[in-house]
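These are the residues of each chain, in order.
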Amino acid sequence: MWTFIKDFFTYETTKSVVVKSWTIGIINRAVQLLIITYFIWWVFIIEKSYQVTDTGIESSVMTKVKGFGIYNNNKVMDVADYVIPTQGASVFCIITKIITTENQVEGYCPESEIKYICKQDIQCERKPGSYGILTGRCVQFNSTTKTCEIQGWCPAEIDTIKTTPMKEVENFTIIIKNRIRFPTFNYIKGNFLTSLTDDYIKKCNFDMVNNTYCPIFRVGDVVRYARQNFTELAEKGGVIGIKISWICDLDKSDDQCNPSYSFTRLDAMSQKNAVSPGYNFRFAKYYKMENGTDYRTLVKAYAIRFDVLVNGNAGKFDMIPTLINMVAAFTSVGLGTVLCDIILLNFLKGAEQYKAKKFEEVSDSPLDSQNKGFYRSQLSLRHSEAMMKSSDSGAFFIEHYK
């Protein structure tokens, strides 16, 4: 216990030992150079750790589609027909192909899918079917086939009809208005530059190389930038992501903070799936007969869905992170000393001599000083080993004081 108490109430101070060794000197300076290079190049230049960063971007997106298409060779479709929803949100669909089932009324009729073909009522279990609730009866579908009867909107939809996509969709244009704010700095900006004019907006189309500041995107170009085939996409539908990135250095001028666009297919996995590939949905238009009976036109729509995704961050110089990273840099430079000590104490010849010079005990008790020798090494060396020289290329001289 007394030994523990004496060891606890001790004090350690730094002792400088100059080691004249090319090997250790080169290792020490190389490690310090690597650490300094890392902090200057990566921490301060690349990561810009001297800045306060705001990643909580606030964004609003408004969209508008323009263009006319001809469907089934005789029907003209405008924005109100092929854009869903109509509010101009950040997620919207452009319909490329539709299958309609007209004049549906609520009642009883045969199912239209092959899997419900039957010969007897026992084959038609009472349960939900594809387009209604099965009644448990097997009824005539046509002159040669019977199917299970349903209660629902009749006649049942037949979605295997072959139709041709609306080719004009490729030349439709999308206007994207994006406004962002970084709340930490109260910085506000949008993708509509102040220099834009009405004449420019009417004529320009976004181009990844020559016209990156035009907010008008041609549908065919967006599909091409996403590396997709427009004909296949229009046939089965799909989801395209339009990504807007705002990476702003607010230490620079305002005109250096500009949006960066990228495009990708978000439902790429569905292309490899044989079950329900692409993107489609259903909606209905309801009407009322003169006698008050409701009827509807059911529409199965294949569409290209566009998701406008906004992300970004902004940074600005601040003294606190600058000081923190500078202190971390200066502290890390000391790692070179730690590495050199490990090598000297464990791997080089003459490690015992280095330990003897590096670690010493000093006691404030005169008796201990007489018994142990004042300023003698804890790892004492024999007098005969004085003036010993290491045979290692990084050798140094050790001397004892008499």
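Heads up: the structure comes first, above all this text.
The shown structure was predicted, so the numbers you read here are calculated from the model rather than taken from an experiment.

Engineer: Which residues make up the packing of helix α8 (residues 335-346) against helix α9 (residues 351-358), and what are the values?
Structural biologist: Relative to each other, α8 and α9 sit at 120°, their axes nearing to 7 Å. Between α8 and α9, the interaxial angle falls into the category oblique. Here α8 contributes Asp341, Leu344, Leu345 and Asn346 to the contact with α9, which in turn contributes Ala351, Tyr354, Lys355 and Lys358. The class makeup of the residues in the contact of α8 with α9 is four nonpolar, one polar and three charged.

Engineer: Account for the pattern of salt bridges, with residues named and values stated.
Structural biologist: Under the criterion given, the structure shown has 14 salt bridges. In this structure, Asp159 engages Lys300 in a salt bridge whose closest nitrogen and oxygen atoms are separated by 3.1 Å. One end of the pair, Asp159, is in the loop between β8 (146-154) and β9 (173-182); the other, Lys300, is in strand β15 (residues 294-317), and 141 residues separate them in sequence. Overall, Lys300 belongs to the buried group, its relative accessible area being 7%. The closest approach of N and O atoms between Arg265 and Asp267, which form a salt bridge, is 2.4 Å. Comparing Arg265 with Asp267 shows no difference in burial state: the two are buried.

Engineer: Outline a positive patch on the surface, supporting the account with residue identities and numerical values.
Structural biologist: The grouping of Lys64, Lys66, Lys177 and Lys202 at the surface amounts to a positive patch. Tracing the backbone through its elements, the reader meets Lys64 in strand β2 (residues 58-66). Given a relative accessible area of 48%, Lys64 falls into the partly exposed group.

Engineer: An account of the packing of aromatic side chains is requested, with residue identities and associated values reported.
Structural biologist: Counting across every chain of the model gives 18 aromatic pairs. Taking 4.7 Å as the distance between ring centres and 35° as the angle between the ring planes, the aromatic pair formed by Phe206 and Phe217 counts as tilted. Of this pair, Phe206 sits in the loop between α4 (198-203) and β11 (216-218) while Phe217 sits in strand β11, and the two are eleven residues apart along the sequence. Since its relative accessible area comes to 4%, Phe206 is described here as buried. By the ring-pair criterion, three or more aromatic residues cluster together here, those being Phe206, Phe217, Tyr225, Tyr261 and Phe263. Stacked on the ring of Tyr302, the Lys or Arg Lys97 has its end atom at 4.4 Å from the ring centre. Residue placement shows Lys177 over the ring face of Phe192; its charged tip is 5.7 Å from the ring centre.

Engineer: I'd love a proper account of the state of the cysteines, names of residues and values included.
Structural biologist: In total, this model carries five disulfides according to the counting rule given. Disulfide pairing places Cys204 opposite Cys214 at an S-S distance of 2.0 Å. Classification of the bridge connecting Cys204 and Cys214 rests on its S-S torsion, roughly 70°, and on that basis the disulfide is right-handed. In this pair, Cys204 is assigned in the loop between α4 and β11 and Cys214 in the loop between α4 and β11, connecting sequence segments ten residues apart. Exposure class is identical for Cys204 and Cys214. Each is buried. Described in terms of the sequence order of its bonded cysteines, the disulfide pattern of the chain is 1-6, 2-4, 3-5, 7-8, 9-10.

Engineer: Quick one: what's the story with a nonpolar patch on the surface, residue by residue and with numbers?
Structural biologist: Side chains of Ile36, Tyr38, Ile40, Trp41, Trp42, Ile45 and Ile46 sit close together on the surface and give an oily, nonpolar patch of about 710 Å² of accessible area. Relative to the helices and strands, Trp42 is located in helix α2 (residues 22-46). For Trp42, a relative accessible area of 34% gives the class partly exposed.

Rules and cut-offs
- Residues numbered from 1 in each chain as written.
- Predicted model: local features only at pLDDT ≥ 70, side-chain atom pairs only at ≥ 80, totals over all residues.
- Heavy atoms only, no water.
- Axes fitted to C-alpha atoms, helices over the stretch in contact; angles between N-to-C directions.
- Helix = DSSP H or I, 4+ residues; strand = E, 2+ residues; numbered from the N terminus.
- Parallel < 35°, antiparallel > 145°, perpendicular 65-115°, else oblique.
- Contact = heavy atoms within 4.5 Å.
- Nonpolar A, V, L, I, M, F, W, Y, C, P; charged D, E, K, R; others polar.
- Salt bridge = Lys/Arg side-chain N within 4 Å of Asp/Glu carboxyl O.
- Buried < 20%, exposed > 50% of the residue type's maximum accessible area, 1.4 Å probe, protein only.
- Patch = residues over 30% accessible without salt bridge, like charges linked within 9 Å, V, L, I, M, F, W, Y side chains within 5 Å.
- Areas by Shrake-Rupley, 256 points an atom, 1.4 Å probe, with all protein chains shown as cover.
- Lys, Arg positive; Asp, Glu negative; His and termini not counted.
- Charge placed at Lys NZ, Arg CZ, Asp CG, Glu CD.
- Phe/Tyr/Trp six-rings, centres within 6.5 Å; stacked < 30°, edge-to-face > 60°.
- Lys NZ or Arg CZ within 6 Å of the ring centre and 35° of its normal.
- Disulfide = S-S within 2.5 Å.

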